[in-house]
Amino acid sequence: MAHNLQAVQRQLEKQVAATRFQQSKTIAIAKANAYGHSIEAAVRGFAAADGIGVIETEMLTRLRELDWHKELVLLEGFFEEADLEVLQATTATTAIHCQEQLDALQLLPEGANLKIMLKLNTGMNRLGFRPALLAQVLLQLERLKSQHKVAEVVMMMHFADADAPDRASVDHAWNEMRLVLRQFEVQLKQLGVVSLSVCNSAATLRYADELFLPNYQNIIRPGLCLYGASPMGNAEGQGALDFDLQPVMTLKAKIIAIQDVMANETVGYGSRFKATQKTRVAVVACGYADGYPRWAGALTPVVVNGKETHLVGRVSMDMMMINLNPVPDARVGDWVTLWGEGGPSIGRVTECAGVGSYETLCNLNQRVNKQII
Ligand SMILES: *Cc1c(COP(=O)(O)O)cnc(C)c1O
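Residues numbered from 1 in each chain as written. Predicted model: local features only at pLDDT ≥ 70, side-chain atom pairs only at ≥ 80, totals over all residues. Heavy atoms only, no water.

So, the nonpolar core
For clarity, the cut-off: In this description, a nonpolar core means a group of buried Ala, Val, Leu, Ile, Met, Phe, Trp, Tyr and Cys residues linked to one another through side-chain atoms lying within 4.5 Å. Buried means the residue's accessible area, taken with a 1.4 Å probe over protein chains only, is under 20% of the maximum for its type, while exposed means over 50%, and partly exposed covers the values in between. An automatic or database domain assignment supplies the residue ranges for each domain. Throughout, a contact is declared for two residues whenever any of their heavy atoms are within 4.5 Å.
Ranked by size, the top nonpolar core spans 120 residues in total, and within it Leu 105, Leu 141, Met 155, Phe 159 and Tyr 292 carry the most contacts. Here this core spans two domains, and each of domain 1 (1-243) and domain 2 (251-363) adds at least three residues to it. Apart from the residues within four sequence positions on either side, Met 155 is in contact with Leu 118, Leu 134, Met 177, Val 180, Leu 181, Leu 188, Val 193, Ser 195, Leu 196 and Ser 197. Of all hydrophobic cores here, the second largest spans eight residues; its members include Val 261, Val 267, Ala 275 and Val 283.

As structure tokens, then:
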């Protein structure tokens, strides 16, 4: 994690002017228990980041208990009034994306001085205020600020398609944002807005040169890339290795049985694999109940004793089968690396399964033994 944080910052340094790079801030995104890697690991791994961003209010308290003293950001904002107390107690920054949240801010005591990220809807239509509402919103914030209920305000947006090959959607969203910054320049200045938070992993790695505005402090919010996976998956020139990202999670399981399958015999549920020749097949103790993608295709790679081979047949709940012909020395008890260090990248595996690295990393089941090194 620490390496990847550095790698992302090096990518940034290559793209943007030195002064803009030095002034920028990095909020490492660690929602969903650090994308399945554990929040404890994130606290250590992201020690050099300026802040940590999460979705879960209770995680703010947990992070303070874990001695995270730097910034905290609640990315979706708060859901209930009671959360306002947690925000104050943890001195966290909260996203504000709807009128209901703005109304709730009125309940804060004067002097609460909450830090907020004002989220603009620039076309994703998930969270955020439409630009047309901004005049009203800024007036309300002005009032909250004069009452010292709100302190710092950061402008924030989120891309729907920063990972897509076609950049039209990014251009459209970014134009919306720039238009707003121009249109409300005076009001934003009056509110004391000096920071802008725009880039997720994909936008940081691909477009930071254009998305870093000179007259703002730019705050990046990388998530997936810090866990060693590229949001562009395995795309040519844009895979994890192309950005010098190293896998953080390694998933391994043991061979628990070996079958000598004759030509024309089949393997597993649905008899999806039919041997064309005599095939040594290993049964590996990991299945979709562990979080391995259920629909991983027959050519999904795995590594046994340093040699790459692939799945045969369907992944079942607790097991999967692999072809051992390329690894004649493999025995029951040997480890199979399903992804990560010494194995295939999560990007390759998920590509073969037609799923994303995001959900695959988050989906590991509780029963999987986790070792944090
Ligand atoms: C999850 C999240 C991110 C990080 O996205 P990645 O694609 O993993 O880099 C950034 N910003 C917000 C608001 C998020 O919810």
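Regarding the packing of aromatic side chains
Threshold: To pair, rings of Phe, Tyr and Trp, with the six-membered ring standing in for Trp, must have centres within 6.5 Å; the planes then decide the type, stacked if under 30 degrees apart, edge-to-face if over 60, and tilted in the middle. Going along the chain from the N terminus, every DSSP run of H or I of four or more residues is numbered as a helix, and every run of E of two or more is numbered as a strand.
Within this structure, the stated rule accounts for four aromatic pairs. The interplanar angle of 40° and the centroid separation of 6.3 Å between the aromatic rings of Tyr 35 and Tyr 358 together place this pair among those described as tilted. Residue Tyr 35 is located in helix α3 (residues 31-36), and its partner Tyr 358 is located in helix α13 (residues 357-362); the two are separated by 323 residues in the primary sequence. Under the relative-accessibility criterion, Tyr 358 is labelled partly exposed at 36%. Relative to Tyr 227, the ring of Phe 46 has its centre 5.8 Å away and its plane inclined at 75°; by these criteria the two rings are edge-to-face. Taken as a pair, Phe 46 in the loop between α4 (39-45) and β2 (51-54) and Tyr 227 in the loop between β8 (217-220) and β9 (251-261) lie far apart in primary sequence, 181 residues in all. With a relative accessible area of 0%, Phe 46 lands in the buried category. Through pairs of rings, three or more aromatic residues link up here, namely Tyr 35, Phe 46, Tyr 227 and Tyr 358.

Comments concerning the packing of helix α1 (residues 2-15) against helix α11 (residues 201-211)
Where we set the bar: Between N-to-C directions, angles span 0 to 180 degrees; the directions come from axes that are lines fitted to C-alpha atoms, helices contributing only their stretch in contact. Throughout, the term roughly parallel applies to angles under 35 degrees, roughly antiparallel to angles over 145, roughly perpendicular to angles from 65 to 115, and oblique to all others. By convention the crossing between two helices is left-handed if the near helix lies anticlockwise of the far one by an angle smaller than a right angle, and right-handed if it lies clockwise. All amino acids are sorted into three groups, where Ala, Val, Leu, Ile, Met, Phe, Trp, Tyr, Cys and Pro are nonpolar, Asp, Glu, Lys and Arg are charged, and the leftover types, Gly among them, are polar.
The geometry of α1 relative to α11 is characterised by a closest axis approach of 8 Å and an angle of 25° between their N-to-C directions. Judged on the interaxial angle alone, α11 and α1 are roughly parallel. Of the two elements, α1 crosses α11, and the hand of that crossing is right-handed. Within the contact between the two elements, α1 uses Val 8, Gln 11, Leu 12 and Gln 15 and α11 uses Thr 204, Leu 205, Arg 206, Tyr 207, Ala 208 and Asp 209. Here the residues of the contact of α1 with α11 sort into five nonpolar, three polar and two charged.

What about the UniProt feature "active site" (unreviewed entry) in the protein chain?
Defined as follows: UniProt positions are given in the numbering used here, feature names are shortened, and annotations may be inferred rather than shown by experiment.
The residues that UniProt annotates with the feature "active site" (unreviewed entry) are Lys 31 and Tyr 269. With a sequence span of 239 residues, these residues are also far apart in the fold, their greatest C-alpha distance being 35.4 Å. Checked against the element boundaries, Lys 31 lands in helix α3. When its relative accessible area of 29% is taken as the criterion, Lys 31 is described as partly exposed. Leaving out residues up to four positions away in the same chain, Lys 31 has contacts with Gly 53, Val 54, Ile 55, Glu 56 and Leu 75. Position of Tyr 269 relative to the elements: it lies in the loop between β10 (266-267) and β11 (273-274). On the basis of relative accessibility, which here comes to 60%, the residue Tyr 269 falls in the exposed class. Beyond its immediate stretch of four places on either side in the chain, Tyr 269 contacts Arg 314 and Ser 316.

Re the site of the ligand
So the rule is basically this: We call a residue near a molecule or strand when any one of its heavy atoms sits within 4 Å of it. Here a polar contact is taken to be a pair of N or O atoms separated by no more than 3.5 Å, where protein atoms must pair a possible hydrogen donor with a possible acceptor and residues adjacent in sequence count only if both atoms sit in side chains. Computed with the Shrake-Rupley method and a 1.4 Å probe, the accessible areas treat only the protein chains shown as cover for residues.
The full set close to the ligand counts 13 residues, and Lys 31, Tyr 35, Ser 201, Leu 224 and Tyr 358 are the nearest of them. Note that an oxygen atom of the ligand is positioned 2.9 Å from one of the backbone N or O atoms of Gly 223. In this structure, an oxygen atom belonging to the ligand sits 2.5 Å away from a side-chain N or O atom of Tyr 358. For the ligand, whose free accessible area comes to 390 Å², the fraction covered by protein is 93%.

Let's talk about the packing of helix α5 (residues 57-65) against helix α6 (residues 82-90)
Contact pair α5 / α6: the axes reach a minimum separation of 10 Å and the direction vectors enclose 25°. Comparing the axis directions of α5 and α6 gives the class roughly parallel. Crossing handedness for the pair α5 and α6: left-handed. On α6, the residues that touch Thr 57, Leu 60, Thr 61 and Arg 64 of α5 are Asp 83, Val 86, Leu 87 and Thr 90. Residues that form the contact of α5 with α6 fall into these classes: three nonpolar, three polar and two charged.

Focus: the pairing of strand β12 (residues 279-284)
Here is the rule we go by: In this description, strands pair whenever DSSP reports at least two bridges between them.
Burial analysis of β12 places six of its six residues in the buried class, the great majority of the element. With burial as the criterion, each face of β12 is covered, one bearing Thr 279, Val 281 and Val 283 and the other bearing Arg 280, Ala 282 and Val 284. Bridge analysis of β12 against strand β15 (residues 320-323) gives four bridges, and the strand direction is antiparallel. Bridging from a neighbouring strand, Val 283 pairs with Met 321 of β15.

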